[in-house]
Amino acid sequence: MMDAYDVLNYLNEKKVHYRVNELKQILITQYCPLKALKPHAITWLKQYDAKITEANPETLFICKIEDHTEHGDNVIFVESLKRTFFRIIRDLFNLDAMKESKIEPSAVVLSKQVGDAVYIGHHTFIDKEVTIGDGTIIMHNVTIQGKVVIGDDCLIESGAVIGGCGFGTYLDEEGHPELVPHPAGVTIGDHVKIFANTCIVRGCLSDTIIEDHAMVDNLCHIAHNVHLHENVQVAACSEISGSATIGRDSWIAPGVTILNGIHVGENVYTGIGSNLVKDVPDHTLVYGNPAKSKK
């Protein structure tokens, strides 16, 4: 159990700049969204609104410091509003607590290269050539096969498949499709998050690579030899075809398709449902089908 002054103490400890009026000692037992405000809860306001804060005197509101006003005894105005609010929620409510270091009894783990403080969930399969770094959490019904290296402090959500064979083909003498061999692997950096039911295919002649702090959302397909650079975010239901490269800090929106071999630069923002069929330079907004650039 905590109160509003515990939030101030947290901000002071984290050296977050804030402004506050004479703050009342509100008991905080929960968090809530703006559309379902509750007493003794904490929430955030993207735009300060005195009518809302005054109508809910037993709710603590976190607002951006640029909106500071001399009114309101249930408001804290902070820098970097979104980041600060969700770190308050994460840390004060212990939402990011490490799962117990454990391999569930129904998991099949053939690898001997599993780091410290690793959790492996129910009915997960880990192949013998897989390496898993310290502090990584692998949830339930995950399959990781072949030459896969996963770094420290990663999260692999339920149903993900990592290291499966890619869909590269050629025609035999009779015109029947044959599968291109995929002897390479997958290399995943530190602090990477792979969400539910996503497939990361192993490489053909070189590894598929996902660098540090990248995130791949639910129901995505990352094909062979793709390279996602640091901080790339791939939203749900996107498909990145073979040998495509996505530069650091880029955002791939929901439902985006990227043609094989395409190079997407750094700090690129794609619109929902876009179809990328040619290279995209750094610092560009692209959208549409086919996607068009707008700097």
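Criteria and cut-off values
Residues numbered from 1 in each chain as written. Predicted model: local features only at pLDDT ≥ 70, side-chain atom pairs only at ≥ 80, totals over all residues. Heavy atoms only, no water. Helix = DSSP H or I, 4+ residues; strand = E, 2+ residues; numbered from the N terminus. Buried < 20%, exposed > 50% of the residue type's maximum accessible area, 1.4 Å probe, protein only. Contact = heavy atoms within 4.5 Å. Lys, Arg positive; Asp, Glu negative; His and termini not counted. Salt bridge = Lys/Arg side-chain N within 4 Å of Asp/Glu carboxyl O. Pairing = 2+ DSSP bridges. Core = buried A, V, L, I, M, F, W, Y, C linked by side-chain atoms within 4.5 Å. Expected span 1.5 Å × (residues − 1). Arc of directions from axis to C-beta.

### Notes on the environment of Ile103
Alright, step 1. Locating Ile103 in the fold gives a position in strand S8 (residues 102–103).
Alright, step 2. The exposure class of Ile103 is partly exposed, given its relative accessible area of 43%.
Alright, step 3. On a C-alpha basis, the gap between Ile103 and Lys46 in space is 41 Å, while along the polypeptide they are 57 residues apart.

### Observations concerning the environment of Lys193
Alright, step 1. Locating Lys193 in the fold gives a position in strand S22 (residues 193–194).
Alright, step 2. The exposure class of Lys193 is partly exposed, given its relative accessible area of 27%.
Alright, step 3. Placed 39 residues apart in sequence, Lys193 and Cys154 show a C-alpha to C-alpha distance of 5.7 Å.
Alright, step 4. Apart from the residues within four sequence positions on either side, Lys193 is in contact with Leu155, Ala214, Met215 and Val216.

### Focus on the side chain of Asp127
Alright, step 1. One can find Asp127 in the loop between strand S12 (125–126) and strand S13 (131–132).
Alright, step 2. Of the side chains bearing the opposite charge, Lys128 lies closest to the buried Asp127, which forms no salt bridge; the N-O distance is 6.4 Å.
Alright, step 3. Discounting residues that sit within four places of it in the chain, Asp127 has contacts with Leu110, Ser111, Ile144, Gln145 and Gly146.

### Brief notes about the sheet that holds strand S15 (residues 143–144)
Backbone hydrogen bonds hold the strands of a sheet together, and the pairing may be parallel or antiparallel.
Alright, step 1. With respect to topology, nine strands assemble into an open sheet ordered S9-S12-S15-S18-S23-S26-S29-S32-S35, the strand pairing being parallel. Taken across any chain shown, the strands that pair with only one partner, and hence form the sheet edges, are strand S9 (108–109) and strand S35 (275–276).
Alright, step 2. In terms of strand pairing, strand S18 (residues 161–164) meets strand S23 (residues 199–201) through three bridges, oriented parallel. Residue Val161 lies in a different strand from S23, and its bridge partner there is Cys199.

### Some thoughts on the pattern of salt bridges
Here the idea is simple: oppositely charged side chains can pair when their charged atoms come close.
Alright, step 1. Enumeration according to the criterion identifies five salt bridges in this entry.
Alright, step 2. As a salt-bridge pair, Lys102 and Glu104 come within 3.3 Å of each other at their nearest N and O atoms.
Alright, step 3. Among the salt bridges present, the one from Arg248 reaches Asp249, with a minimum N-O distance of 3.1 Å.
Alright, step 4. A single salt-bridge network, built from bridges that share partners, covers Glu230, Arg248 and Asp249.

### Considering the nonpolar core
Alright, step 1. Grouped together as the largest cluster of nonpolar side chains are 44 residues, with contacts concentrated most on Ile144, Leu228, Ile240 and Ile258.
Alright, step 2. The contacts of Ile240, once residues within four sequence positions are left out, are His221, Ile222, Ala223, Val226, Leu228, Val234, Ile246 and Ile258.
Alright, step 3. Grouped together as the second largest cluster of nonpolar side chains are 21 residues, Leu8, Tyr10, Ile62 and Ile88 included.

### Things to note about helix H3 (residues 81–92)
Alright, step 1. In a regular helix each residue adds 1.5 Å, so twelve residues correspond to 16 Å; H3 covers 16 Å between its end C-alpha atoms and thus fits that length.
Alright, step 2. For H3, every residue scored as buried is listed here: Leu81, Thr84, Phe85, Ile88 and Ile89. For H3, the angular spread of the buried residues around the axis is 130°, confining them to a single face.
Alright, step 3. Residues of H3 that are buried in the fold lie against helix H1 (4–13), strand S4 (30–31), strand S5 (41–45), strand S6 (59–64) and strand S7 (75–78).
Alright, step 4. Backbone geometry just downstream of H3 places Asn94 in the positive-phi region, at approximately 55°.

Just distances and angles here, no functional claims.
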